[in-house]
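# Overview (structure and organization)
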Amino acid sequence: MDTSENWWKDTAPRRSAISPVYSGPGFGLFADTPIATPDGWIAAGELERGDEVLTFDAGFQPLSAVVREDRIRSGTRWPENLRPVRVPAGALENREDVMMLPHQGILLEIEDVADPFGDPYAVIPAAALEILPGVERVSPLSMQDIVLPVFSEDHMVFAAGGMLTFCQSHWGTRAGLMPRFGMASNYNMLPVNAGKLLVEELLTEFEGEAIA
């Protein structure tokens, strides 16, 4: 990631040519995000290729690669649409506060909800969570490492004690790995505005309780 003053110049998520999901700035996990493994919760930044991670659909799966972005320097100015989202403990069944990049996908595990693509669960960008009580945009004051865990196919992984976050297989292209030829994405992510509308509906239904 370019950490110069204009590193966010291309900020709009875009469709990938090899996977029907969004790509661009604002994706990935902060290195201190706890991830579920057979050995317990491990910070994303400590994961290595071959390590097993607990996924939503397929149990423990080995990582094909771990892409590590350049550090974002302390004092870097974060544009409003790329400022990370701080999700307080309990908002999404996460047991601790967690900081998410705004375009990073989050799974809403509600069986009677389907997104416009027909998926049984809705996947929304973290930025759509802003309307939840206690969720806020923040500008990190210290240097931050960004990690992109890569599997051979798309997976949702357990993070921060219970929430589910989207790891996209096409992230592996940054490590020279191509997703399986012709493989359809397991998940499709809603745009931010559509995600906010869904969160508003769920917030009304659950009266401010955890919605996932």
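The rules behind each value
Residues numbered from 1 in each chain as written. Predicted model: local features only at pLDDT ≥ 70, side-chain atom pairs only at ≥ 80, totals over all residues. Heavy atoms only, no water. Helix = DSSP H or I, 4+ residues; strand = E, 2+ residues; numbered from the N terminus. Buried < 20%, exposed > 50% of the residue type's maximum accessible area, 1.4 Å probe, protein only. Contact = heavy atoms within 4.5 Å. Polar contact = N/O pair within 3.5 Å; in protein donor to acceptor, adjacent residues only side chain to side chain. Salt bridge = Lys/Arg side-chain N within 4 Å of Asp/Glu carboxyl O.

### A word on the overall build of the protein chain
- Within the protein chain one finds 1 helix and 16 strands.
- Per-residue burial over the protein chain gives 51% buried out of 212 residues.
- Contacts spanning at least 24 positions in sequence make up 64% of the contacts within the protein chain whose residues lie at least 6 apart.

### A look at the side chain of R137
- Mapped onto the elements of the fold, R137 is located in strand 13 (residues 136-137).
- Separated by 3.0 Å, the side chain of R137 and the backbone oxygen of R83 make a polar contact.
- Side chain to side chain, R137 and E130 meet in a polar contact 3.3 Å long.
- Not counting residues within four places of it along the chain, the set of residues in contact with R137 comprises E80, N81, L82, R83, P84, V85, P102, A127 and E130.

### Re the pattern of salt bridges
- Under the definition given, this model contains 5 salt bridges.
- With a shortest N-O distance of 3.5 Å, R68 and E48 are connected by a salt bridge. In this pair, R68 sits in strand 8 (residues 65-68) while E48 sits in the loop between strand 5 (40-43) and strand 6 (52-55), placing the two residues 20 residues apart along the sequence.
- Among the residues examined, E48 registers a relative accessible area of 45% and is labelled partly exposed.
- Ionic contacts of the salt-bridge type, sharing partners, join the residues R86, D97 and E136 into one network.

In short, the description is geometric, and any link to function would need to be established separately.
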